[in-house]
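Take a look at the letters that make up each chain.
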Amino acid sequence: MTETKQLFKVSSGEVSPLGVSQVDEGINFALFSQNATSVTLCLSLPQSGKDDLNDDGMIELVLDPSVNKTGDTWHICVEELPLNNVLYGYRVDGPGEWQQGHRFDSSIVLLDPYAKLVKGRSSFGDSSQKFAQFYGTYDFESSPFNWGDDYKFPNIPEKDLVIYEMNVRAFTADESSGMDPAIGGSYLGLIEKIPHLQDLGINAVELLPVFEFDELELQRRPNPRDHMVNTWGYSTINFFAPMSRYASGEADPVKASKELKEMVKALHSAGIEVILDVVYNHTNEADDKYPYTTSFRGIDNKVYYMLDPNNQLLNFSGCGNTLNCNNPVVMELILDSLRHWVTEYHVDGFRFDLASVLCRATDGSPLSAPPLIRAIAKDSVLSRCKIIAEPWDCGGLYLVGKFPNWDRWAEWNGMYRDDVRRFIKGDIGMKGSFATRVSGSSDLYQVNQRKPYHGVNFVIAHDGFTLRDLVSYNFKHNEANGEGGNDGCNDNHSWNCGFEGETDDAHIKSLRTRQMKNFHVALMISQGTPMMLMGDEYGHTRYGNNNSYGHDTALNNFQWKELDAKKQNNFRFFSEMIKFRHSHHVLKHENFLTQGEITWHEDNWGNPESKFLAFTLHDGVGGRDIYVAFNAHDYFVKALIPQPPPEKQWFRVADTNLESPDDFVSEGVAGVADTYNVAPFSSILLQSK
């Protein structure tokens with residue numbers, strides 16, 4: 001301490017903001033810990049142009065609670081510190097009573113929960129760095145990011161969204177992307193492929209986690225999964241810092257921050273919104289059996305995590321711990337984090353992973369009006385954002401259609417996924433449910449001021465089968481995950497079309513292609529907000545693995561050569577269908593459908609064996625009605641085509657039974673008769689003109 005005082009002048013510092021900030025006197029550090037008895041600030045300064053990452057080389061400043069503590073916040077101001085390239089962390093000590101819920105360990109240098117930048121590994125997935133230390137850092141020297149004079153947010157109405165769920169790294173990491181390896185798998189790599197997103201027609205990307213996460217969490221000890229790399233990113237280390245190993249070249253937190261902003265700016269320039277998949281339900285710190293203390297656990301375990309009556313960690317996340325989201329301190333951290341991503345990175349919205357966790361009290365019991373959920377809905381900074389819940393968790397709190405919402409929250413509609421899968425593959429008794437789903441799930445969302453777009457419709461998401469695998473496998477094939485095939489969902493509602501896995505059978509391949517198109521037609525004609533998965537536009541396969549989170553390989557990586565091979569068939573159909581949705585307002589109503597806006601051509605609702613459904617969506621103003629029919633029977637159905645509006649005739653736009661390019665003709669093909677022979681397992685789309 002004596003030596004330190006010769007190096008730096010210190011003062012008591014300021015209680016807010018939490019984290020690190022520049023003040024007139026120097027650099028201020030502030031850390032919350034309600035139960036700590038001592039806090040030491042650890043600093044590593046740049047030496048000879050290199051960061052000294054050795055704990056022994058760190059300068060330690062012991063905080064005096066009589067001077068450096070206000071309430072439950074510890075704070076200190078250090079003068080004459082460099083304005084960047086400083087690494088910092090904390091040693092925190094406190095009561096040692098494990099049975100009281102404390103997990104203090106002053107031998108560990110802990111990461112500041114409010115660090116806006118995090119320095120860790122130098123490259124993604126490098127096993128030699130699996131025990132690398134994570135430090136906070138800052139940059140008060142660089143100029144603010146230039147968003148540009150003509151910059152503007154896309155501000156796309158929710159009813160007009162078409163969401164593309166994707167992984168930043170997996171999008172361009174494969175060598176087939178044709179990129180320099182320093183760019184592939186990075187924020188900048190995504191920028192280079194924006195033309196593909198524009199060609200496809202989507203107008204929002206939902207990015208799998210881009211907060212700093214621990215991709216090597218599975219490799220810290222010998223276990224059946226220690227060969228895997230967590231490439232999905234659901235292992236959050238810090239809620240404010242961008243993933244540093246998504247920077248181009250060698251990982252650098254300052255560069256990562258700048259390049260993420262460049263990516264958001266480029267997407268916005270292309271008219272594409274950015275929605276972040278955020279993980280506020282758990283952290284990377286695991287459980288009490290195999291703990292990995294990096295931050296929250298060692299700073300104040302009792303505050304940051306839910307504990308049972310015996311002060312042991314509750315596990316509603318399936319990952320060993322559960323963030324104590326409705327504790328006032330944790331709630332404010334989450335709100336601060338969300339505001340930071342909106343103000344600093346200009347993101348347009350958030351999808352909340354396992355959002356039912358956010359609806360639990362500090363003891364884990366469900367809340368009907370969770371303070372955090374309400375605060376997010378009412379927050380002024382977040383008011384322009386899309387907010388989407390994954391309305392379930394691993395503790396069985398299933399809230400589809402019942403998620404507390406304040407007429408703001410949208411939800412992943414898990415019932416849409418299941419019912420549409422079952423009808424399209426030909427399950428009996430599903431026609432009524434299918435009709436309810438494609439018409440906006442009014443049974444779930446027509447309450448108070450909620451809208452059809454508050455239901456996010458999806459058939460496929462990152463977890464589970466890809467679209468191609470949904471029509472190619474009856475069973476999951478997860479042997480590569482190391483858990484004997486016991487991981488992953490068993491309830492997939494999939495159908496392999498007659499053969500399990502890859503095949504050269506032309507009839508089966510044709511049927512699978514048809515089924516993929518049928519699913520896409522259903523998704524794009526449904527009222528509500530459609531979401532599709534990266535790679536489904538060309539038919540990406542994971543060979544039946546429905547839980548591929550741990551494979552930093554072609555299993556997850558976008559295959560650009562496959563896209564090229566399918567450009568004139570699969571991709572063309574998917575793209576044309578998306579663009580058709582954009583240009584027809586009857587497919588994306590602001591409000592739930594009324595009797596005059598849809599006609600069901602159906603008198604067979606009560607027959608569970610009936611697998612044919614047809615309906616007309618009425619334009620009402622321009623007479624551009626749309627007729628859609630789905631045949632999930634294994635035989636042809638002769639459909640009676642209704643009369644078109646006055647002075648109009650029907651044009652065939654889509655028939656999934658036809659080969660490309662006849663399967664989709666955007667201007668339509670005239671000559672539709674009074675009846676139409678709808679092929680087995682196919683769908684048609686007609687438009688009146």
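For clarity, every value in this text was computed on a predicted model and none was experimentally measured.

Novice: What is the right way to read the overall build of the protein chain from this model?
Specialist: When you go through the protein chain residue by residue, the secondary structure sums to 15 helices and 28 strands. What you see for the protein chain is a C-alpha radius of gyration of 27 Å, in line with the 26 Å of a compact globule of 689 residues. In terms of overall dimensions, the protein chain has a C-alpha envelope of 95 × 55 × 50 Å along the principal axes. The buried share among the 689 residues of the protein chain stands at 62%. Across the protein chain, contacts joining residues at least 24 apart in sequence account for 72% of those joining residues at least 6 apart.

Novice: Help me out: how do you make sense of the environment of Gly 488 in this one?
Specialist: Structurally, Gly 488 can be placed in the loop between α12 (467-470) and α13 (506-525). Here Gly 488 falls in the partly exposed class, since its relative accessible area comes to 27%. Expressed as a C-alpha distance, the spacing of Gly 488 and Phe 465, which sit 23 residues apart in the sequence, is 9.8 Å. Discounting residues that sit within four places of it in the chain, Gly 488 has contacts with Lys 476, Asn 478, Asn 546 and Asn 547.

Novice: Just checking my understanding: could you explain helix α5 (residues 253-269) for this structure?
Specialist: Every α-helical turn comprises 3.6 residues, leaving residues that sit three or four positions apart pointing alike. A rise of 1.5 Å per residue sets the reference length of α5, with its 17 residues, at 24 Å; its end C-alpha atoms lie 24 Å apart and thus fit the reference within 8%. All buried positions along α5 are accounted for by Pro 253, Ala 256, Ser 257, Glu 259, Leu 260, Lys 261, Met 263, Val 264, Ala 266, Leu 267 and His 268. Where α5 begins, one side-chain oxygen reaches toward the backbone nitrogen of Val 254, 3.2 Å away; that side chain belongs to Asp 252. Trailing α5 by a residue or two, Gly 271 shows a phi angle of about 80°, which is positive.

Novice: Mind showing me how you'd approach the sheet that holds strand β20 (residues 529-533) here?
Specialist: Each strand in a sheet pairs with another by means of backbone hydrogen bonds, the pair being arranged parallel or else antiparallel. Here we have eight strands rolled up into a closed barrel, ordered β13-β14-β15-β16-β17-β18-β19-β20, and parallel in their pairing. Each strand of the sheet is rotated relative to its neighbour by a mean of 25°, with strand direction disregarded. Note that strand β13 (residues 163-166) and β20 share three bridges and pair parallel. Looking across to β20, one finds that Ile 163 is bridged to Met 531.

Novice: Help me understand the environment of Arg 121 in this model?
Specialist: Positionally, Arg 121 belongs in the loop between β11 (117-119) and β12 (135-139). The exposure class assigned to Arg 121 is buried, which follows from its relative accessible area of 1%. Remark: the alpha-carbon pair of Arg 121 and Phe 458, spanning 337 residues in sequence, is separated by 35 Å. Within the structure, Arg 121 has its side chain in polar contact with the backbone oxygen of Lys 130 (distance 3.2 Å).

Novice: So what exactly am I meant to see when it comes to the packing of aromatic side chains here?
Specialist: Both the distance between ring centres and the angle between the ring planes are used here to describe each pair of aromatic rings. Scanning the model with the defined rule gives 39 aromatic pairs in all. Summarising the aromatic geometry, the rings of Trp 147 and Tyr 151 are spaced 5.1 Å apart at their centres and angled 45° between planes, so their arrangement reads as tilted. A relative accessible area of 13% places Trp 147 in the buried class. Since its relative accessible area comes to 18%, Tyr 151 is described here as buried. Taken together through their ring pairs, the aromatic side chains of Phe 211, Phe 239, Tyr 280, Phe 296, Tyr 304, Trp 341, Tyr 345, Phe 350, Phe 352, Phe 403 and Trp 409 make up a single cluster. Positioned above the aromatic ring of Trp 98, the side-chain terminus of Arg 103 is 3.7 Å from the ring centre. If you follow Lys 517 out to its NZ or CZ, it ends over the ring of Phe 573, 5.4 Å from the centre.

Novice: Looking at this structure, how should I read the sheet that holds strand β23 (residues 626-631)?
Specialist: What the six strands build is an open sheet, ordered β21-β22-β23-β28-β25-β26; its pairing is antiparallel. Looking at strand neighbours, the two that pair on one side only are β21 (598-600) and β26 (664-669), the edges of this open sheet. Recorded for the sheet is a direction-independent mean angle of 15° between the axes of neighbouring strands. Judged from the two bridges that link them, strand β25 (residues 650-655) and β26 form a sheet pairing that is antiparallel. The partner of Arg 652 across the bridge, within β26, is Val 669.

Novice: Please explain the packing of helix α7 (residues 328-345) against helix α8 (residues 371-378) as it appears in this structure.
Specialist: When two helices pack together, their arrangement is captured by the angle between the axes and the distance separating the axes. Remark: α7 packs on α8, axes separated minimally by 10 Å, with the N-to-C direction vectors making an angle of 25°. The orientation of α7 relative to α8 falls into the category roughly parallel. Here α7 runs over α8; the crossing is right-handed. Listed contacts from α8 to Met 331, Ile 334, Leu 335 and Leu 338 of α7 are Pro 371, Leu 372, Ala 375 and Ile 376.

Novice: For this particular structure, what's the right way to read the side chain of Ser 439?
Specialist: Locating Ser 439 in the fold gives a position in the loop between α10 (431-438) and α11 (442-445). A polar atom in the side chain of Ser 439 sits 2.7 Å from the backbone oxygen of Ala 435.

Novice: Help me out: how do you make sense of the side chain of Asn 478 in this one?
Specialist: Residue position: Asn 478 is located in the loop between α12 and α13. Excluding residues within four positions of it along the chain, Asn 478 makes contact with Gly 485, Asp 487, Gly 488, Gly 544, Asn 545, Asn 546 and Asn 547.

Novice: I would appreciate a short explanation of the layout of surface pockets in the present structure.
Specialist: Where empty space is left in the structure can be found by rolling a water-sized probe over the atoms. By volume, the second largest pocket amounts to about 750 Å³. Taken together, 25 residues form the lining of the second largest pocket, with Leu 117, Asp 139, Ser 257, Lys 261 and Glu 344 sitting closest to its centre. Contributions of two or more residues to the lining of the second largest pocket are made by β2 (19-23), β12, α5 and α7. Here the lining of the second largest pocket gets five residues from one element, more than from any other, and that element is α7. For the lining of the second largest pocket, a count of residues per class yields twelve nonpolar, seven polar and six charged.

Novice: For this particular structure, what's the right way to read the packing of helix α9 (residues 414-424) against α13?
Specialist: As a packed pair, α9 and α13 sit with axes 11 Å apart at the nearest point and diverge in direction by 135°. The orientation of α9 with respect to α13, classified from their angle, is oblique. Here α9 runs over α13; the crossing is right-handed. Contact with α9, carried on its side by Tyr 416, Val 420, Arg 421 and Ile 424, involves Gln 515, Asn 518, Phe 519, Ala 522 and Leu 523 of α13 and no other residues of that element. Class assignment of the residues belonging to the contact of α9 with α13 gives a composition of six nonpolar, two polar and one charged.

Novice: Quick question: what am I supposed to make of the environment of Asp 348 here?
Specialist: Looking at the secondary structure, you find Asp 348 in the loop between α7 and β16 (349-352). Here Asp 348 falls in the buried class, since its relative accessible area comes to 1%. Put simply, Asp 348 and His 268 are 80 residues apart on the chain and 9.6 Å apart in space, counted from C-alpha to C-alpha. Looking at Asp 348, its side chain comes within polar contact range of the side chain of His 268, at 2.6 Å. A distance of 3.3 Å separates the side chain of Asp 348 from the side chain of Arg 384, its partner in a polar contact.

About the thresholds
- Residues numbered from 1 in each chain as written.
- Predicted model: local features only at pLDDT ≥ 70, side-chain atom pairs only at ≥ 80, totals over all residues.
- Heavy atoms only, no water.
- Helix = DSSP H or I, 4+ residues; strand = E, 2+ residues; numbered from the N terminus.
- Rg over C-alpha atoms; globule rule 2.2 N^0.38 Å.
- Buried < 20%, exposed > 50% of the residue type's maximum accessible area, 1.4 Å probe, protein only.
- Contact = heavy atoms within 4.5 Å.
- Expected span 1.5 Å × (residues − 1).
- Polar contact = N/O pair within 3.5 Å; in protein donor to acceptor, adjacent residues only side chain to side chain.
- Pairing = 2+ DSSP bridges.
- Axes fitted to C-alpha atoms, helices over the stretch in contact; angles between N-to-C directions.
- Phe/Tyr/Trp six-rings, centres within 6.5 Å; stacked < 30°, edge-to-face > 60°.
- Lys NZ or Arg CZ within 6 Å of the ring centre and 35° of its normal.
- Parallel < 35°, antiparallel > 145°, perpendicular 65-115°, else oblique.
- Left-handed = near helix turned anticlockwise from the far one by under 90°.
- 1 Å grid on protein atoms, 1.4 Å probe; cavity = no way out; pocket = protein on both sides within 12 Å on 5 of 7 lines; lining within 4 Å.
- Points joined across faces, edges and corners; volume = space filled by probe spheres on them.
- Nonpolar A, V, L, I, M, F, W, Y, C, P; charged D, E, K, R; others polar.

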